[in-house]
Amino acid sequence: MKRIQYQQYGGPEVMRLEQFELEAPGKGEVAVRVRFAAINPIDWKLRQGDMKIVTGSRFPRAMGMDLSGTVMSVGPGVTRFKVGDEVFGQARFKQCGALGQAAIANEGALALKPANLGFDQAACLGSAGVTAWNALIDKAGLGANQHVFINGCMGSVGEAAVQIARNLGARVSGTCGEADMARARALGVETAYDYRRTDLSRLGERYDAVFDTAATMDGDTGFGLLKPTGVFLDLHPAPLKFLRALFNRRLKLVMCSPTPDILNQLARAASEGRLRVSIAEEVPLSEAVALIGAIEGGRRLGGKAVVRMD
C-alpha cells in the first residue's frame, strides 16, 4: 500500500508518496482501509517538527489525521467495531497515517459513518467538528440565546462552529473574507465582518464567547469583546497561555479531543443535515503532495481539501 510520509522533519520538500506495510492493530486499535482523508494545518505542523517532543525521532513518519473508510481488522479488546463497518474519525496523533490507503486508529477516535453521509463529508468531521464542539460545548458551555463571536467563521473549524452554535439556539457573529459573506449569512451568521476592513477593538457589541479559530486575534482584543461573564476560546495553546489560564478563568485553551460521544453527535447532526463542511477541492492520493504544499504555501480554497484513495 501507499501513503505520504517523510524521513526527516522539514518543509514540503520532505514529503514522499511511498510504499509501506501496515502494522497489525494493537489493543484497543482499529485498522481502517481509508476511502478519504481531509487535509488540515496540523498535518504540516507535525511534519515541520512543531510537536516533535511528542512525535519523537523515529522515521519514516506518516502524515494525515482525519479519515473515513472501512474497518479491515480490529485489535484485542475492541468491541464497538467489526470488519466491514464504515467509519470516520482520526488516526493516532503520534503516528498519523490518514493520508494513505490504510491507517491505524484508536477505537475511541472513531464512529460509525451514517449510511446517508458520503465518505468525503465524513472525512471532514474529525478535526473541524470535534474542535468546534470542544470549544463551544465543553469549554464555553454555550446555550440557547447566547451570542458567540467567531473569528474566522468560514474556515473549516469556524464553519463547523457556526452550525453547532446555531443548533444550540445561540446567535452568531464573526469575521470572514468578503467573498465568503453570503455563505456566512446563509449558514446563520447574524453579522459578518470583513476581517481585512474591520477594527475589532471598535465593535460595540459584547459576547458570551469569542472563538478565535483564525488564530489572528490578540488577547486584549478578545477579552475586550466579552461580556463580564464571557470566555475567550484560544485554539493555539502555548506554555505562557497555560500559565495565564491558571489565573484567568475567562481564558479557555482548546485542543482537539475526540470522544465516541462527540463523534456520534457530529455524525447524527451531519446525517440530519444540521452540519456540513464545505469541500473546495478533491484530488487523488497521487496529487496530494502537491496540493498540501500549495495550501501550506498560502493557497486559499474557501473550503476543505480532501484526498481520495483510488
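1. Side note on the overall build of the protein chain
Move 1: Helix and strand counts for the protein chain come out as 10 helices and 16 strands.
Move 2: Counting over 310 residues, the protein chain shows a buried share of 51%.
Move 3: When contacts within the protein chain are restricted to residue pairs at least 6 apart in sequence, those whose partners lie at least 24 apart make up 66%.
Move 4: For the protein chain, the exposed surface amounts to about 13,800 Å²; the carbon and sulfur share of it is 50%.
Move 5: On the protein chain, the mean spot of the 38 positive side-chain charges and the mean spot of the 32 negative ones are 3 Å from each other.

2. Description of the sheet that holds strand 14 (residues 251-253)
Move 1: What the six strands build is an open sheet, ordered 11-10-9-12-13-14; its pairing is parallel. At either margin of the open sheet sits one strand with a lone partner, and together these are strand 11 (191-194) and strand 14. This sheet shows a mean twist of 15 degrees between the axes of neighbouring strands, independent of strand direction.
Move 2: Alignment of strand 12 (residues 207-212) against strand 13 (residues 226-234), held across five bridges, turns out to be parallel. Across the sheet, Asp-212 pairs through a bridge with Asp-234, a residue of strand 13.
Move 3: Contacts from helix 4 (residues 125-139) reach strand 9 (147-151), strand 12, strand 13 and strand 14 within the one sheet, and its direction differs from that of strand 12 by about 155 degrees.

3. Topic: unusual backbone geometry
Move 1: Look at the link from Phe-59 to Pro-60: it is a cis peptide, with omega at 0 degrees.
Move 2: Secondary-structure assignment places Pro-60 in the loop between helix 2 (52-55) and strand 4 (61-62).
Move 3: You will see that Cys-96, though not glycine, has its phi angle at about 55 degrees, which is positive.
Move 4: Residues other than glycine seldom take positive phi values, yet Ala-215 does so here, at roughly 55 degrees.
Move 5: With respect to the helices, strands and loops of the structure, Ala-215 is situated in the loop between strand 12 and helix 7 (219-224).

4. Here we look at the sheet that holds strand 1 (residues 2-6)
Move 1: The strand order across the open sheet formed by three strands is 2-1-4, and the pairing between neighbours is antiparallel. What marks the edges here is a single partner per strand, and that holds for strand 2 (16-19) and strand 4.
Move 2: Summarising the sheet, strand 1 and strand 2 pair through four bridges and their orientation is antiparallel. Across the sheet, the residue bridging to Gln-5 is Arg-16, located in strand 2.

5. A look at helix 4
Move 1: For helix 4, a buried count of 12 out of 15 residues is recorded, marking the element as mostly surrounded by other parts of the structure.
Move 2: When we look at burial in helix 4, the residues that qualify are Leu-125, Gly-126, Ser-127, Ala-128, Gly-129, Val-130, Thr-131, Ala-132, Trp-133, Asn-134, Ala-135 and Leu-136.
Move 3: Looking at the residues trailing helix 4, positive phi occurs at Gly-141, about 60 degrees.

6. A few points about the packing of helix 4 against helix 5 (residues 156-167)
Move 1: At their nearest, the axes of helix 4 and helix 5 sit 8 Å apart, and the two run at 55 degrees to each other. One finds that helix 4 runs oblique with respect to helix 5. In the crossing of helix 4 with helix 5, the sense of the turn from one axis to the other is right-handed. Judged by residue contacts, Ala-128, Gly-129, Thr-131, Ala-132, Trp-133, Leu-136 and Ile-137 of helix 4 engage Ser-156, Val-157, Ala-160, Ala-161, Ile-164 and Ala-165 from helix 5.
Move 2: Taken together, the residues of the contact of helix 4 with helix 5 sort by class into 10 nonpolar, three polar and no charged.

About the cut-offs
- Residues numbered from 1 in each chain as written.
- Predicted model: local features only at pLDDT ≥ 70, side-chain atom pairs only at ≥ 80, totals over all residues.
- Heavy atoms only, no water.
- Helix = DSSP H or I, 4+ residues; strand = E, 2+ residues; numbered from the N terminus.
- Buried < 20%, exposed > 50% of the residue type's maximum accessible area, 1.4 Å probe, protein only.
- Contact = heavy atoms within 4.5 Å.
- Areas by Shrake-Rupley, 256 points an atom, 1.4 Å probe, with all protein chains shown as cover.
- Lys, Arg positive; Asp, Glu negative; His and termini not counted.
- Charge placed at Lys NZ, Arg CZ, Asp CG, Glu CD.
- Pairing = 2+ DSSP bridges.
- Axes fitted to C-alpha atoms, helices over the stretch in contact; angles between N-to-C directions.
- Parallel < 35°, antiparallel > 145°, perpendicular 65-115°, else oblique.
- Left-handed = near helix turned anticlockwise from the far one by under 90°.
- Nonpolar A, V, L, I, M, F, W, Y, C, P; charged D, E, K, R; others polar.

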